[in-house]
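# Summary of structural features
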Amino acid sequence: MTLLSCAAATGAQAANLKAMWGPGIQNGVSRFPTYRDLGVRIYEDAVPWASVALRRPRNPRNPNDPSYAWPAEVTRAVAEAGRYHIQVALQIMGAPPWANGGQPWNWAPANPRDYANFAIAAARRYPSVHLWMIWGEPSRRPDFEPLTPAPRFAKLNAEQRLAPHLYAQMLDAAYGALKHVGRANVVIGGMTYTTGDISTQQWIENLRLPDGRPPRLDMYGHNPFSFRAPDLSNPPSPEQEVDFSDLGRLSKLVDRYLGRPGNPHPKLFISEWTVPTAVDFEFDFYVEPLVQSKWITDGLRIARRLPRIYAVGWIHLYDEPSISSGGLIQVDGTKKPGYSAWKAG
């Protein structure tokens, strides 16, 4: 069975696949019993290339190269996920200075092949992992450089097209590399979010390789943070934003610009979603805990009804004071109504 037929075969299960971001181990204690209680089917975590490979490896595709320092937390979390029969999705993000000309971690590598080689090493390091996210929110300047912001609805100029073009080459190279390791590997590209310094629509329209073709991917990743209740009948978000209510429109956009022979309708992988219940650093809005619960119910209902959604990933199991109040559990361990809503969804 080919990868795409495998994806089609799992389509009926897609709406039931709840994902959640780690950490998987907190203060030496596994969170996986809680993830199991919540019905989580996919565990999400990140592999930071910049800190794993501080020095250029002599054998970059070999995970045992002495230059690599794999994060112990991720290694343990992947093992724990296996024990609880939970799939793992890993995000490869950031580039070390030797790969991006001495720039900060958020700068794209000068040669996309370096990123692809690291993807091979990561896939060999974690052979049980078959879901791979390529970078995170690259349409956002703090997460991906060089990027020149673009006005909404504008046709991008050459300088503004550079970032999506660089990302497209990195994504396509990683796709080929991960398939080389194993055809079961599923590559999730795009990785946009609600807004951005380049809008999601502009990003998708300009994901092009030097020959004009779209990059290869299996699924399109998106983080649809929402300021309104999820409802596919809602009108389009303003300013080319793409929130949870816009996911039907997003799927059409992905088909038009990124569909390829053999995969004309890529599924959507919702990597991150959360709804804050108090003032925090991440968002400029919040809702009451009961509203968070209702939005979770509404969002998961959409996921069950829209077969294009492969998974919905929640980020933050616990509130983190001042940083995030979008957890399902308060700092003192009290479960919010949203916990029950996620568990029942």
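Each remark here, short or long, concerns the structure printed above.
Residues numbered from 1 in each chain as written. Predicted model: local features only at pLDDT ≥ 70, side-chain atom pairs only at ≥ 80, totals over all residues. Heavy atoms only, no water.

### Describing the packing of helix α10 (residues 289-305) against helix α11 (residues 337-344)
Helices that pack against each other are described as a pair by the angle of their axes relative to one another and the distance between those axes. In contact at an axis separation of 8 Å, α10 and α11 are set at 10 degrees when each is read in the N-to-C sense. Here α10 is positioned roughly parallel relative to α11, judged by the angle of their axes. The hand of the α10/α11 crossing is right-handed. Note on element contacts: α11 touches α10 through Pro-337, Gly-338, Ala-341 and Trp-342, opposite Pro-289, Leu-290, Gln-292, Ser-293, Ile-296, Thr-297 and Leu-300. (Axes fitted to C-alpha atoms, helices over the stretch in contact; angles between N-to-C directions. Helix = DSSP H or I, 4+ residues; strand = E, 2+ residues; numbered from the N terminus. Parallel < 35°, antiparallel > 145°, perpendicular 65-115°, else oblique. Left-handed = near helix turned anticlockwise from the far one by under 90°. Contact = heavy atoms within 4.5 Å.)

### Digging into the packing of helix α6 (residues 112-125) against helix α7 (residues 158-181)
Running from N to C, α6 and α7 cross one another at 35 degrees; their axes reach a closest spacing of 8 Å. Crossing angle aside, the handedness with which α6 passes α7 is right-handed. Across the interface between the two elements, Pro-112, Arg-113, Tyr-115, Ala-116, Ala-119, Ile-120, Ala-123 and Arg-124 from α6 touch Gln-169, Met-170, Ala-173, Ala-174, Ala-177, Leu-178, His-180 and Val-181 from α7. Class assignment for the residues of the contact of α6 with α7 results in 12 nonpolar, 2 polar and 2 charged. (Nonpolar A, V, L, I, M, F, W, Y, C, P; charged D, E, K, R; others polar.)

### Describing the sheet that holds strand β7 (residues 186-193)
Within the closed barrel, the 8 strands sit side by side as β1-β4-β5-β6-β7-β8-β9-β10. Their pairing is parallel. Strand-to-strand twist of the sheet, defined as the mean angle between neighbouring strand axes without regard to direction, takes the value 25 degrees. Across 4 bridges, the pairing between β7 and strand β8 (residues 219-223) is parallel. Of the residues in β8, the one forming a bridge with Gly-189 is Tyr-220. (Pairing = 2+ DSSP bridges.)

### Some words on the layout of surface pockets
Computed from the structure, the largest pocket encloses a volume of approximately 800 Å³. Lining the largest pocket are 31 residues; nearest its centre among them are Glu-137, Phe-225, Glu-272, Glu-282 and Ile-315. Of the residues contributing to the lining of the largest pocket, the split by class is 12 nonpolar, 9 polar and 10 charged. (1 Å grid on protein atoms, 1.4 Å probe; cavity = no way out; pocket = protein on both sides within 12 Å on 5 of 7 lines; lining within 4 Å. Points joined across faces, edges and corners; volume = space filled by probe spheres on them.)

### Considering the pairing of strand β9 (residues 267-273)
Counted residue by residue, β9 has 7 buried out of 7 residues, so it is predominantly covered. Sheet topology places β8 next to β9; 4 bridges connect them, and they run parallel. If you follow Met-219 over to β9, its bridge partner there is Lys-267. In this fold, β8 hands off to helix α9 (residues 247-258), which returns the chain to β9; that crossover is right-handed. Note that β9 and strand β10 (residues 309-314) share 4 bridges and pair parallel. When the bridges of β10 are listed, Trp-273 appears paired with Trp-314. Taking the sense of rotation as the criterion, the β-α-β connection linking β9, α10 and β10 turns out right-handed. (Buried < 20%, exposed > 50% of the residue type's maximum accessible area, 1.4 Å probe, protein only. Right-handed = clockwise from strand over helix to strand, strands pointing away.)

### With respect to the environment of Ser-340
Along the polypeptide, Ser-340 turns up in helix α11. Taking relative accessible area as the criterion, Ser-340 reaches 48% and is therefore assigned partly exposed. On a C-alpha basis, the gap between Ser-340 and Ile-296 in space is 9.7 Å, while along the polypeptide they are 44 residues apart.

### Concerning unusual backbone geometry
Here the amide bond leading from Gly-22 into Pro-23 is cis, since omega sits at 20 degrees, within 30 degrees of zero. Its place among the elements puts Pro-23 in the loop between β1 (18-21) and β2 (25-26). Here the bond from Glu-145 into Pro-146 is cis, since omega is -5 degrees, no more than 30 degrees from zero. Relative to the helices and strands, Pro-146 resides in the loop between β6 (131-134) and α7. Its identity as a non-glycine residue notwithstanding, Trp-135 has a phi of 65 degrees, on the positive side. If you trace the backbone, Trp-135 turns up in the loop between β6 and α7. Positive phi, normally seen in glycine, also occurs at His-316, with a value near 90 degrees.

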